[in-house]
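Observations on chain architecture
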Amino acid sequence: MVFVSGGTFWMGSDEHYPEEAPAHPVIVDGFWIDATPVTNRDFAAFVDATGYVTTAEIAPNAADYPGAMPEMLRPASLVFTQPDRPVPLDNIGYWWDYRFEADWRHPLGPGSSIEGLENHPVVHVSYDDVLAYAKWAGKSLATEAEWEMAARGGLDRAEFAWGHELMPDGQPMANTWQGNFPSENLLEDGYLRTSPVDAFPANGYGIFDMIGNVWEWTSDYFAAAHEVVTTKPCCAPRNPQGAARERSFDPAQPEIPIPRKVLKGGSHLCAPNYCRRYRPAARHAQPIDTSTSHVGFRCVVRPVDDTAA
């Protein structure tokens, strides 16, 4: 793990997606954070020690999903599938497949495996899954503020974790998407899907993979914008912990009140023409019961840990 000293930094952005606003100062106490995302090797050790079964390996309960078709209530997870032609960007159904028997051991579904991917980030993990791992490891999940401070690597208010250019001198600094998402991937970074967690340079704090590769769970409930009490550094909130649980429900699905948590960092599917969230300020809502092929996590340890995971 890497120690991130406490201090004040500017969180969020007023220049990109509305949920990132407003930019505001935040005070964060020092904490330790995993130098890389949790890998398949790490997660396998946890499962071997505990016998844990992930959400994606369990059939959903019909009572939790009113109106769901019975034939869909099987163990499954979301897998990215690249279309063979340009498609409209307003319908994620063109590239996401709800695939039966896809899980952390079988990231592309039946017949796939994590052999050779031991040093890649574990994926297809729900919020309950990452909490279980964190408890077993004696750690917690980062708050959004902790995560963003760590991702910035000391470059306060820089657009990217490494400076102000996405690809300085044409050099990929993270595993993101080059080309027109979702049908054209130029592979300038060398990876079609996930990459080893140390494949790209560490940031200024010596932390790897905070941007790209996989989105990462945080402990904060999601709200449509940052809840800010003040924009004065002298009165900045200290160790903020996000929105209230009820505010995180998806207004587009009022019949299914499933809380959503904040994801950070973007993934290998973030592209200039779609989801420009390969930045420390970027954030995304994820239902706590949902796992995908591009979401993982890492953990933190606080010197005095009074923040629930």
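In what follows, the structure referred to is the one given above.
A brief structural summary.

Calculation criteria
- Each chain carries its own residue numbering, running from 1 in the direction its sequence is written.
- This being a predicted model, a pLDDT of at least 70 is required before a residue's local features are given, and a value of 80 or more before pairs of side-chain atoms are given or counted; all residues contribute to the totals for chains, interfaces and linings.
- Where side-chain values are given, they derive from all heavy atoms of the structure, hydrogens and water being excluded.
- Note on definitions: the grid is 1 Å and covers protein atoms alone; a cavity is a set of points where a 1.4 Å probe fits but cannot get out; a pocket is an open set with protein on both sides within 12 Å along at least five of seven lines; lining residues have an atom within 4 Å of a point.
- Grid points are joined across faces, edges and corners, and a volume is the space filled by probe spheres set on the points.
- Put simply, DSSP marks the helices as runs of H or I at least four residues long and the strands as runs of E at least two long, and each gets a number from the N terminus on.
- Gly falls in the polar group here, along with every residue not listed as nonpolar (Ala, Val, Leu, Ile, Met, Phe, Trp, Tyr, Cys, Pro) or charged (Asp, Glu, Lys, Arg).
- Strand pairing is defined by DSSP finding a minimum of two bridges between the two strands.
- To define a nonpolar core, start from buried Ala, Val, Leu, Ile, Met, Phe, Trp, Tyr and Cys residues and group those joined through side-chain atoms within 4.5 Å.
- Burial classes: relative accessible area under 20% of the type maximum marks a residue as buried, over 50% as exposed, and values in between as partly exposed (1.4 Å probe, protein chains only).
- Two residues form a contact once any of their heavy atoms are found within 4.5 Å.
- Axis lines are fitted through C-alpha atoms, for helices just across the contact stretch, and the angle between N-to-C directions can take any value from 0 to 180 degrees.
- Any N or O atom pair separated by 3.5 Å or less is treated as a polar contact, with the protein-specific requirement of one donor-capable and one acceptor-capable atom, and with residues adjacent in sequence counted only for side-chain atom pairs.

**Describing the layout of surface pockets**
- Of the pockets and cavities examined, the largest pocket occupies roughly 1,400 Å³.
- Of all the secondary-structure elements, those providing two or more residues to the lining of the largest pocket are strand 5 (76-80), strand 6 (96-100) and strand 9 (283-287).
- The element best represented in the lining of the largest pocket is strand 9, accounting for five residues.
- Split by residue class, the lining of the largest pocket holds 27 nonpolar, eleven polar and seven charged.

**Points about the sheet that holds strand 8 (residues 260-264)**
- Spatially, 9-8-7-10 is the arrangement adopted by the four strands of the open sheet, whose pairing is mixed. For this open sheet the edge positions go to strand 9 and strand 10 (295-296), each flanked by a neighbour on one side alone.
- Both strand 7 (residues 215-221) and strand 10 contribute to a ladder of two bridges, which runs parallel. Note that in strand 10 the partner of tryptophan 215 across the bridge is valine 295.

**Details of the nonpolar core**
- Counting residues in each nonpolar core, the largest one holds 27 residues, and the members touching the most others are Phe43, Trp217 and Phe297.
- Listed by contribution, the elements that provide at least two residues to this core are helix 1 (40-50), helix 2 (127-137) and strand 7.
- With 17 residues, the next largest nonpolar core counts Ala142, Ala145, Ala150 and Ile207 among its residues.

**Points about the sheet that holds strand 11 (residues 300-301)**
- With respect to topology, three strands assemble into an open sheet ordered 1-4-11, the strand pairing being antiparallel. The open sheet has two edge strands with one neighbour each: strand 1 (2-4) and strand 11.
- Of the pairings in the sheet, the one linking strand 4 (residues 31-33) to strand 11 comprises two bridges and is antiparallel in character. Residue isoleucine 33 lies in a different strand from strand 11, and its bridge partner there is valine 300.
- Against the sheet, helix 3 (residues 144-152) makes contact with strand 1, strand 4 and strand 11, and its axis sits at roughly 70° relative to strand 4, the strand it touches most.

**Here we look at empty space enclosed by the protein**
- Scanning the entire structure with this criterion turns up one cavity of 30 Å³ or more.
- Empty space within the largest cavity amounts to approximately 40 Å³.
- Every residue along the wall of the largest cavity is listed here: Trp162, Leu166, Met167, Pro172, Met173, Ala174, Thr176 and Gln178.
- Partitioned by chemical class, the residues of the lining of the largest cavity number six nonpolar, two polar and no charged.

**Focus on the side chain of serine 267**
- Tracing the sequence through the fold places serine 267 in the loop between strand 8 and strand 9.
- Of the polar contacts made by the side chain of serine 267, one reaches the backbone nitrogen of leucine 269; its length is 3.0 Å.
- Among residues more than four places away in sequence, those in contact with serine 267 are Asn175, Thr176, Gly212, Asn213, Val214, Trp215 and His294.

Interpretation note: all reported values are geometric properties and have no functional meaning in isolation.
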